[in-house]
Amino acid sequence: MQMMTRDVLLEMELEEDDDDDGDIGDDPASKRPLMAPATLPSSLVLENLEQTIVSRFGSLESQQDFRTPEFEEFNGKSDSLFFNDGQRRIDFVLVYEDESRKETNKKGSNEKQRRKRRAYESNLICDGLQLEATRSILDDKLVFVKVHAPWEVLCTYAEIMHIKLPLKPNDLKTRSSAFDNFNWFTKVLQVDESIIKPEQEFFTAPFEKNRMNDFYIQDRDTFFNPATRSRIVYFILSRIKYQVRDNVKKFGINKLVSSGIYKAAFPLHDCNFSSPSEDLSCPNERYLLYREWAHPRSIYKKQPLDLIRKYYGEKIGIYFAWLGYYTQMLLLAAVVGVACFLYGYFNQNNCTWSKEVCDPDIGGKIIMCPQCDKLCPFWKLNITCESSKKLCLFDSFGTLVFAVFMGVWVTLFLEFWKRRQAELEYEWDTVELQQEEQPRPEYEARCTHVVINEITQEEERIPFTTWGKCIRITLCASAVFFWILLIIASVIGIIVYRLSVFIVFSAKLPKNLNGTDPIQKYLTPQMATSITASLISFIIIMILNTIYEKVAIMITNFELPRTQTDYENSLTMKMFLFQFVNYYSSCFYIAFFKGKFVGYPGDPVYWLGKYRNEECDPGGCLLELTTQLIIIMGGKAIWNNIQEVLLPWVMNLIGRCRTVSGAEKKTPRWEQDYHLQPMGRLGLFYEYLEMIIQFGFVTLFVASFPLAPLLALVNNILEIRVDAWKLTTQYRRMVPEKAQDIGAWQPIMQGIAIMAVVTNAMIIAFTSDMIPRLVYYWSFSIPPYGDHPHYTMEGYINNTLSYFNVADFKSKSKENPYTELGDYTTCRYRDFRYPPGHPQEYKHNIYYWHVIAAKLAFIIVMEHIIYSVKFFISYTIPDVSKSTKSKIRREKYLTQKLLHENHLKDMTKNMGVIAERMIAVVDNNLRPKSD
């Protein structure tokens, strides 16, 4: 094939500017390719690509050089993946609306769009791609442009992109599992290999055209699989130019789609998900994935990861591999969590302090001080009876054991996942992926500054200077910091709401426990405030989340990362930092701030100088933290499922209803795929984010809710199949992408794991009532501080509630505001202070200092023990297993040996030919000439 070297660009000096997303800039093809020296393709390919001749037309009427795609009628083969000739495979589809048949838009605008598109398609043809256009069967305004990459184009760009391709079959790779010894059990969970056959493994190497004979090319039509073909074509589509203005060129299919010149651009699914293709040569991979992976009846089976990777690419494959592994590990955490919860449930009747709260002769006679000024009444302790019973379920010794276990579990999960990830890198051939990745076209377009590379001492182009980079980083960091402050402001607003509404609930809700009213037993002022504040907090979280997603994308686009991996990692860190504050701030407030700085009734602490700080229930804030956790985790799961399942299903249903009039017509594969939903440019980014936020809830606050891993397990089992169903049935096929690992999510999880040890230790020490109970049991229930002859929890409630003289309320106002609320001389409050009349009245007593010392000692001991175990596990479990390292080295050695041997064979063959020719020449020269 003769490569075309003539580009068509439209000069449109007077048009309105429609730039966005950084897709505009100096033409990268007019400079040296903007890649690091280590990733440059061969000089032969560079010479070919750099000789691009650019034609600029001063008038829009100068269109004689446009090359247009061939128009063909649909041949009636709805399952066909080929052009009408049945030979050329469709690698990509572009969809646009014919401007000549539009009715509402302005004629001038339609003509500009048409000419941009014609210039773009002409340049695609000049670059070697082959196009065929077909009108829609259901809507004659739509035109589908099918794109085919010939063999020469695929080979050229495979070399540029450093794509690794097969050299020879590999007999070294063997799939092993830790559960091979239980083959009789796991066989039921495996996918039937007679249905989804294992892929043949190969030795691979980056493709080079001048060494084509070294590669395992048995059939040119199948040497590049459909996923690789789509990758190459998308690489070309993203870099082809179509317009110039002020010596600046516009390029890329993403820009054309976002500006409406094209309606969509996507690779094709290979068949219908519900039935196999009529074409016998079709592998029906989409149908197999739906049947063996996405269908509800396959919910108990393992995922066919190799087929997922082959069909959707390594990036989606690694996501489902990680999600599946995370779900498997959650099974162990869920079992232990349920066991700890059952321990609390069955020991609920032995909860002495809860019995004292509910006892009419103890809790019913303890009068508690008002928790706000003027409007709040005195109240009896036994109205918190039901909440104290629930608290016994979670605030038990089992919770302590579970918190320690989860600190070890999260380390085991991360370390074993690293090993599994290394195995996948070897099996999926992504060990040296960084050498393949190319710069983003948006980055290439902005490279205008010339610098000298410190390593090669050669010139290379970068988008901005060091000073410009510092300015961009500063601006981006400032924007992220501003939004975090906005979240903190919203949290403060929620706190003000809690402080305000608590006064209302305290005045309106009943003061005494009435056994005939079932609602009254549960709806205390504290509980009502907690539930309503949690719901409002959840709504604010979702609103801010929606807004910040767009802001984070804008900030990352401005930052201009070099590669797609850099782009996603940068966006990941910004989004997670925001989401961390957004989702967890309310939980941190309840766990570590609420009820900690309240003073005492005669001298309360006021927040913002106006609102009296909130107090916890007599049993602590642990139950409220559990409530907050359940509402946010449950609400988030429900909301995400609505977004992921219901929304695309409804959108596709609406699309089918619009085309119901043509339902009896036979529609081609490309038109069926067009009516599916687009996946979006960020792909599975939001799926990762959802799971990492869940991972944070499961680890950071698990001491308050041992059932969190169980809820996460159930959610993830459904999440895997919902995501699979969504990808195979509701969405267009994504452009397959390479990925070596899960990217920035790995260090984020490691950071969460380290923080989880601290948060859980502090929850047990400061949020729960476990440490004060242990101090009372071992020190203050017996002499010299206690009156009991043996260790007991009896009298704990009375010992932990301090006395206050009602007459001392006058210290904050001229008159006692509580004189009309009851004839009480003293009331009780939750704190460890000396009673009125004591020489140090209202000062912290000896019990308080014992408890503080015990809490600090507990945190130090627990952290050191868990961190020691974590570091020991991390040290003893290598990130890459010894067998995987050996396989990688062995394969690399054999690959190099194979290439070297082939090179020697070629040299020997060439030397033999040269030697024969030299012998022939010498022989001719020495042979006597006949007269």
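This is a predicted model, so every value here is computed, not measured. Position numbers for residues start from 1 in each chain and track the written sequence from start to end. Only residues with pLDDT of 70 or above have their local features reported here, since the model is predicted, and side-chain atom pairs are shown and tallied only from 80 upward, although totals for entire chains, interfaces and linings are computed over all residues. The side-chain values count all of the structure's non-hydrogen atoms but skip hydrogen atoms and water molecules.

Asker: Looking at this structure, I do not really get the state of the cysteines. What am I missing?
Answerer: Working definition: the covalent bond between the sulfur atoms of two cysteines is a disulfide. We call a pair of cysteine sulfur atoms a disulfide when they lie within 2.5 Å. Counting across every chain of the model gives three disulfides. What pairs with Cys 351 in a disulfide is Cys 392, and their sulfur atoms sit 2.2 Å apart. Residues Cys 351 and Cys 392 share a disulfide whose torsion about the S-S bond is about -70°; that sign makes it left-handed. A residue pair is termed long-range when its members are at least 10 positions apart, and Cys 351 in the loop between helix 10 (314–346) and helix 11 (352–358) and Cys 392 in helix 12 (residues 385–394) qualify at 41 residues. Any residue under 20% of the maximum accessible area for its type is buried, any over 50% is exposed, and the rest in between are partly exposed; the area is computed with a 1.4 Å probe on protein chains only. Assessed through its relative accessible area of 4%, Cys 392 is described here as buried. Disulfide pairing places Cys 358 opposite Cys 385 at an S-S distance of 1.9 Å. On the sign convention where negative means left-handed, the S-S torsion of about 100° between Cys 358 and Cys 385 marks this disulfide as right-handed. Pair noted here: Cys 358 is in helix 11 and Cys 385 is in helix 12, with a separation of 27 residues, a long-range link. Owing to a relative accessible area of 9%, Cys 385 belongs among the buried residues under this scheme. Helix and strand labels come from DSSP, where a helix needs a run of H or I of at least four residues and a strand needs a run of E of at least two; each type is numbered from the N terminus.

Asker: It is not clear to me how the side chain of Ser 277 should be interpreted in this structure. Could you clarify?
Answerer: Within the secondary structure, Ser 277 sits in the loop between strand 12 (264–266) and helix 8 (285–294). Judged by relative accessible area, which is 11%, Ser 277 ranks as buried. A 3.5 Å cut-off defines polar contacts: any pair of N or O atoms within that distance qualifies, except that in protein one atom must be a possible hydrogen donor and the other a possible acceptor, and neighbouring residues in sequence count only when both atoms are side-chain atoms. Here Asp 279 takes part through its backbone nitrogen, which lies 3.0 Å from a polar atom of the side chain of Ser 277. Filtering out sequence-adjacent residues up to four positions away, Ser 277 remains in contact with Asp 79, Cys 271, Cys 282 and Asn 284. Two residues qualify as a contact provided that any one of their heavy atoms is within 4.5 Å of a heavy atom in the partner residue.

Asker: What exactly am I supposed to notice about helix 18 (residues 564–592) here?
Answerer: Working note: α-helix, 3.6 residues per turn, so residues spaced by three or four point in the same direction. Its 29 residues give helix 18 an end-to-end C-alpha distance of 39 Å, which sits within 8% of 42 Å, the value for a rise of 1.5 Å per residue. Along its length, helix 18 reaches its greatest deviation from straightness, about 50°, at Tyr 584. With respect to burial, helix 18 is a largely interior element, 23 of its 29 residues being buried. For a helix, the expected span equals 1.5 Å multiplied by the number of residues minus one. Here the bend at each residue means the angle between axes fitted to two seven-residue stretches, the one ending at that residue and the one beginning there.

Asker: Just checking my understanding: could you explain the pattern of salt bridges for this structure?
Answerer: Oppositely charged side chains can form a pair if their charged atoms are brought close together. Salt bridge, as applied in this entry: a Lys or Arg side-chain nitrogen positioned within 4 Å of an Asp or Glu carboxyl oxygen. For the structure on display, the rule yields 31 salt bridges. A salt bridge links Arg 135 to Asp 98; its shortest N-O distance comes to 2.6 Å. Of this pair, Arg 135 sits in strand 6 (residues 130–135) while Asp 98 sits in the loop between strand 5 (92–97) and helix 2 (107–126); the two residues are 37 residues apart in sequence, bridging distant segments of the chain. Classification of Asp 98 by relative accessible area gives buried; the value is 9%. Its salt-bridge partner being Asp 395, residue Arg 773 comes within 3.2 Å of it at the nearest N-O pair. With Arg 773 in helix 24 (residues 770–780) and Asp 395 in the loop between helix 12 and helix 13 (397–427), this residue pair connects regions lying 378 residues apart in the sequence. Each member of the pair, Arg 773 as well as Asp 395, carries the same accessibility label: buried. Through salt bridges with shared partners, a single ionic network connects Glu 111, Arg 114 and Arg 115.

Asker: Please explain unusual backbone geometry as it appears in this structure.
Answerer: Negative phi is the rule for most residues except glycine; trans is the rule for most peptide bonds. In this chain, Pro 783 is followed by Pro 784 through a cis amide linkage whose omega measures 10°. When you line up the elements, Pro 784 lands in the loop between helix 24 and helix 25 (796–800). Even without glycine at this site, His 162 takes up a positive phi of about 55°. Among the structural elements, His 162 can be located in the loop between helix 3 (151–160) and strand 8 (164–169).

Asker: Explain the UniProt feature "transmembrane region" (unreviewed entry) in the protein here, please?
Answerer: This chain's UniProt record puts "transmembrane region" (unreviewed entry) on residues 319–346, 397–417, 480–507, 527–548, 575–593, 691–714, 742–766 and 846–867. Strand forms 0% of residues 397–417 and helix 100%; the C-alpha atoms that close the span are 30 Å apart. The span residues 846–867 carries 100% helix and 0% strand; its end-to-end C-alpha distance comes to 32 Å. UniProt positions are given in the numbering used here, feature names are shortened, and annotations may be inferred rather than shown by experiment.

Asker: How should the packing of aromatic side chains be read in this particular structure?
Answerer: The geometry of two aromatic rings is summed up by the distance between their centres and the angle between their planes. Each Phe, Tyr or Trp ring, with Trp reduced to its six-membered ring, pairs with another whose centre is within 6.5 Å; inter-plane angles below 30 degrees give stacked pairs, above 60 give edge-to-face pairs, and intermediate values give tilted ones. Following the criterion strictly, the structure yields 60 aromatic pairs and no others. Seen in terms of ring centroids, Phe 576 and Phe 580 are 5.8 Å apart; in terms of plane orientation they differ by 55°. Their pairing is tilted. Placement of both Phe 576 and Phe 580 in helix 18 is noted, with a separation of four residues, approximately one turn of the helix. The pair Phe 576 / Phe 580 is uniform in exposure class, with both members buried. Judged by centre distance (6.5 Å) and plane angle (85°), the ring pair of Tyr 583 and Phe 697 falls under edge-to-face. Here Tyr 583 is found in helix 18, whereas its partner Phe 697 is found in helix 21 (residues 685–700), with 114 residues between them in sequence. A single burial state applies to Tyr 583 and to Phe 697, both of which are buried. One cation-aromatic arrangement involves Arg 117 over Tyr 96; the distance from NZ or CZ to the ring centre is 3.6 Å. Our definition puts a charge over a ring when NZ of Lys or CZ of Arg is within 6 Å of the ring centre and also within 35 degrees of the ring normal. Taking NZ or CZ as reference, Arg 733 lies 3.8 Å from the ring centre of Tyr 311, over its face.

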